[in-house]
Amino acid sequence: MTATLELGTLDAEAADTAAGWHRVCRLEDLEPAWGEAALVGGRQVALFRTLAGGVFAVAQQDPATGSHVMARGILGSKGSRPTIASPLHKEVYDLETGECFSTPGLRIEAFGTRVSDGFVEVEL
């Protein structure tokens, strides 16, 4: 499944977009435990909805390789922290902070998310 944004929803969110929030898709468009790639404000973003109901967004670009593949990563957790493992070399990143648990010095950009009126919004 591919998350899509209808252009008509942009006008309703113009004020929030100026403040950094971008409406991306309906929450129901995100399958739990699966990632989706989206172009948000000109940036490639990987979106995730966890089985516990959390919604997260990180950069689509894998910090270790430069490849845009993070939406195909493996969701998991480290203790109570939700994580994403790169599909290429399996580096494990905290979905909330972007910290890499497996390779010191690596970090992925993590973005704020919220659900408003049933839509997922990402803060860039």
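Here the residue index of a chain counts from 1 through its sequence in written order. Given that this is a predicted model, residues contribute local features only at a pLDDT of at least 70 and side-chain atom pairs are listed and counted only at 80 or more, while totals for whole chains, interfaces and linings are drawn from all residues. Hydrogens and water molecules were not included; the side-chain quantities draw on all heavy atoms of the structure.

For the protein, an unreviewed UniProt entry supplies the name Assimilatory nitrite reductase (NAD(P)H) small subunit and the organism Pseudarthrobacter equi.

1. Focus on the sheet that holds strand E6 (residues 81-85)
Spatially, E5-E6-E7 is the arrangement adopted by the three strands of the open sheet, whose pairing is antiparallel. Here the strands that pair on one side only, and so sit at the sheet edges, are strand E5 (74-78) and strand E7 (92-94). Shown here is a sheet whose adjacent strand axes are inclined to one another by a mean of 40°, direction ignored. In short, DSSP must find at least two bridges between two strands for them to pair. Per the convention used, a helix needs a DSSP run of H or I reaching at least four residues, while a strand needs a run of E reaching at least two, with both numbered from the N terminus. Two strands pair when backbone bridges link them, and E6 and E7 are joined in this way by three bridges, in the antiparallel orientation. Within E7, the residue paired with Ile84 across the bridge is Tyr93. Here, axes are lines fitted to C-alpha atoms. For helices the fit covers the stretch in contact, and angles between N-to-C directions go from 0 to 180 degrees.

2. Here we look at the pairing of strand E9 (residues 119-123)
Pairing of strand E1 (residues 21-26) with E9 involves five bridges; the strand directions are antiparallel. Note that in E9 the partner of His22 across the bridge is Val122. Examined bridge by bridge, strand E8 (residues 110-116) and E9 share five bridges and lie antiparallel to one another. Counterpart to Arg114 in the pairing with E9 is Glu121. As consecutive antiparallel partners, E8 and E9 are separated by two residues, and within that stretch Asp117 has a phi angle of approximately 55°, a positive value.

3. Structural notes on the nonpolar core
Note that soluble globular proteins tend to have their nonpolar side chains buried in a common cluster. Val24, Leu47 and Val122 are the most contacted members of the largest nonpolar core, which has 24 residues in total. The set of elements that each furnish at least two residues to this core consists of E1, strand E2 (34-40), strand E3 (43-49), strand E4 (55-59) and E9. Take this core: its biggest share by element is five residues, from E4. Should any heavy atoms of two residues lie within 4.5 Å, those residues are counted as being in contact. With sequence-adjacent residues up to four places away left out, Val122 is seen in contact with Gly20, Trp21, His22, Val24, Val40, Leu47, Ala57, Phe111, Gly112 and Thr113. For our purposes a nonpolar core is just a set of buried Ala, Val, Leu, Ile, Met, Phe, Trp, Tyr and Cys residues, chained together by side-chain atoms within 4.5 Å. Throughout this description, buried means an accessible area under 20% of the type-specific maximum (1.4 Å probe, protein chains only), exposed means over 50%, and partly exposed covers the range between.

4. Some remarks on the environment of Leu27
Counting through the fold element by element, Leu27 comes out in the loop between E1 and E2. You can call Leu27 partly exposed: its relative accessible area is 24%. In the structure, Leu27 is positioned 94 residues away from Glu121 in sequence and 9.3 Å away in space, judged by C-alpha atoms. Apart from residues no more than four positions distant in its own chain, Leu27 is found in contact with Arg49, Val55, Val115, Gly118, Phe119 and Val120.

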